[in-house]
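A look at the structure
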Amino acid sequence: MRRICEILKGLNFKIFANFAILFFSLSAFSQINSCTACHENYGSLSPSHDEVACQSCHGGNEIASEKSLAHIALIPNPATLENAKSRCARCHKDQIARVSTTVMQTQNPIKQNLLDEWAKQGTSSDFSHAEISNLAKDHYAKACASCHISQEKEVFINQNIAKGGGCGACHKASNLDENFLLSPFFASKNANSAPNLSTNSSVNSSAHATSPNTAPKFAPKTHTRFSTAIPSQNCLACHNRSARIGFAYYGKFESEGSKAPFEQSHTLSDGRHFHDLRADIHYEMAELECVDCHTSLGVMGDKKNHANMREAVIIACEDCHAPNFAPPNETARNLAKTNPNIQNSALIAYTKKGNFPLYNVAKVGEKAVLTRKKDGAKFEISVLKHPAHEPLHANLSCQACHEKSVASCFGCHEQRFAGAKQFEWQKGEYSEGAWSEMRSFLRFEDPALGVRNDGKIANLAPGCQVVASIYENGATKHFDALSLASWAQHSVGKSKTCVSCHFSPTALGLGRGVLGYKNGEISFSPNLANFGELNFALDAFASPKGAQNQIISKNDSTLSLAQMKKILDAYACAICHDRYDDKIYADFNASKAKFRAGETKCLE
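In this text the structure is predicted, and so the values were computed from the model without any measurement.

Before going further, it helps to examine the overall build of the protein. A count of helices and strands for the protein gives 24 helices and 18 strands. Out of the 604 residues in the protein, the part that is buried amounts to 44%. Within the protein, contacts between residues at least 6 apart in sequence are counted, and of these 65% link residues at least 24 apart. Of the roughly 31,900 Å² of accessible surface on the protein, 56% is carried by carbon and sulfur atoms.

Below, the structure is given as structure tokens:
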């Protein structure tokens, strides 16, 4: 130390002063940098990032005045998950750890379902289970793997359907970048409203790009803005295919489009078509965004590698409509600070699964009130009080009664051409074998009922009824994997009528046709012919004997014969007693006993 002091004494004061200025400039880099000299009035990521220096996220040389020097080691998008691990994790360590394991990044449910439904339960006289497993992995790599958070958006030929981008895949709240369209299929009706269908058409009608994009990139004029009040159009970038929950919520039904003329306003930007239907009641009455219900823990992950979507989702209808209130915990208080539209409340709701705070659902007096995150609008929540909820229907999921229609895609024809090449999303390169997908027909109609692995009766619909044709070496080989699935369609509305389930072959899972029930025996004549070499039609999920015809993942099942008969037994009463507040349902078992004993007027 003494030697250092002697050296400093011998230095020219001016040199020492310049050295000190440079030293303290570097120390205070968060306040002084040259970035704003070129990027004047550029703004920041969000109000909470206003005091964060440009170089803290983007790197580069903040004291250089020449662009070539200032942009050395520059990170244009620090929000990709790979960059975020070093740039964002300094402040958001827990969030980065969680999002790295979320199902929207790992895609474990998609991979697991493909392997389970194709390789383990699929049938073929041409392929072994191991060979089908390899085909499933190849299909995932080329057709499914584009839809994950860390996907590079630049590789999409059609930027209208680009997905991914890291943290911005969800949190990007502005569309200021000239080269990248935030909304793949939707454009806002106005600045403060939910998405509306775009009139854009696309030169690339495929939902999956088959080669990387080589278009030049343009720097945005202002900084991308992030928000915790995530707009639903970000969610729809991915949630527009498969179960079509994004379309259903806004009252849009994807249709074939080939048998009737469609105006351009009814054409999606990837070439698909739609019809207008009634929207989900949560949008129809309150224009709620996805994030008003879905929590950060359920969406961003909980550091667990879930095998299916149902495990990852922690929100349930009862969390708002039969809420458990408690004082806000630290997590709730921290989340509320990120949104100025959310006011502090003495009591807030918590999820029944995981006890996670719903910081925008509060108890106000004796009422449950939801605050819409995008603008602070408040809505009183209706509570469960109708007698239909208990006790006879206590084992039904909410969706079993309140979702009248479910997207049903029948007959998924997968074709693989060995002589062609296709882009692998995660590897970023082409490989041998190209997949093409077609379907038999698509409907948005009454779903079947099935049994979830938790014992609840829930809606059941075609998940992906795969009939695969593999073309290689001049030969055609086949395998089948007709599968069903249960999911929340997000088409909630007023409850179905009693007879819509209690004497419906569709609800029983038998398919469309003529149902008979006499002396405890079920008879059924289907409308559709048997599919191919199978002894049942595509919409026949179960037989009148209660046998399950098709594959279901997650240990769900179709209705048993006993469950079918129990549903049909109630039909004789429901014909006349079509309201659940009818006095016979106060003790239905006692009412049925009186009926059988001839003690009621029904027998006269």
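Moving on, we get to the confidence of the model for the protein. Averaged over the protein, the pLDDT score is 83; the fraction of residues at 70 or greater is 85%. Note on residues 175-212: pLDDT under 50 across the span, and 120 contacts to partners over four residues away in sequence or across chains.

Spatially, five strands are ordered β5-β6-β7-β8-β9 in an open sheet, and the strand pairing comes out antiparallel. Each having just a single partner strand, β5 (324-326) and β9 (378-380) make up the two edges of the open sheet. Pairs of neighbouring strands in the sheet enclose a mean axial angle of 45 degrees, with direction left out of account. Where strand β6 (residues 348-350) meets strand β7 (residues 357-364), three bridges bridge the pair, whose relative direction is antiparallel. In the strand pairing of β7, Ile 348 is matched with Ala 362. Relative to β7, helix α18 (residues 330-337) is tilted by about 95 degrees, and along the sheet it contacts β6 and β7.

A word on the pairing of strand β15 (residues 513-518). Relative to strand β16 (residues 521-526), β15 runs antiparallel, the two being bridged by six bridges. Bridge pairing links Val 514 to Ser 525 in β16. The antiparallel pairing of β15 with β16 creates a hairpin that spans two residues between the two strands, and Asn 519 there sits at a positive phi of about 55 degrees.

Further remarks concern the nonpolar core. Trp 118 and Phe 479 are the most contacted members of the largest nonpolar core, which totals 23 residues. Per-element tally for this core: the top contributor is helix α10 (residues 129-144), with six residues. Excluding anything up to four places from it in sequence, Trp 118 contacts Asn 113, Ile 132, Leu 135, Ala 136, His 139, Glu 414, Trp 435, Val 466, Phe 479 and Ala 481. Counting 16 residues, the second-largest nonpolar core is a separate cluster that includes Ala 507, Leu 508, Leu 559 and Met 564.

What follows concerns the packing of aromatic side chains. The relation between two aromatic rings is expressed through the spacing of the ring centres and the mutual angle of the planes. This structure, assessed with the given rule, holds 14 aromatic pairs. Here the aromatic residues Trp 118, Phe 127, Trp 435 and Phe 479 are joined through ring pairs into a cluster of three or more.

Tracing the backbone through its elements, the reader meets Thr 102 in the loop between α7 (89-99) and α8 (103-106). Reaching out from Thr 102, the side chain makes a polar contact with the backbone oxygen of Val 299 at a distance of 2.8 Å. With residues up to four places along the chain from it excluded, the contact list for Thr 102 reads Ile 149, Val 299, Met 300 and Gly 301.

Conventions we followed
Residues numbered from 1 in each chain as written. Predicted model: local features only at pLDDT ≥ 70, side-chain atom pairs only at ≥ 80, totals over all residues. Heavy atoms only, no water. Helix = DSSP H or I, 4+ residues; strand = E, 2+ residues; numbered from the N terminus. Buried < 20%, exposed > 50% of the residue type's maximum accessible area, 1.4 Å probe, protein only. Contact = heavy atoms within 4.5 Å. Areas by Shrake-Rupley, 256 points an atom, 1.4 Å probe, with all protein chains shown as cover. pLDDT = per-residue confidence, 0-100. Pairing = 2+ DSSP bridges. Axes fitted to C-alpha atoms, helices over the stretch in contact; angles between N-to-C directions. Core = buried A, V, L, I, M, F, W, Y, C linked by side-chain atoms within 4.5 Å. Phe/Tyr/Trp six-rings, centres within 6.5 Å; stacked < 30°, edge-to-face > 60°. Polar contact = N/O pair within 3.5 Å; in protein donor to acceptor, adjacent residues only side chain to side chain.

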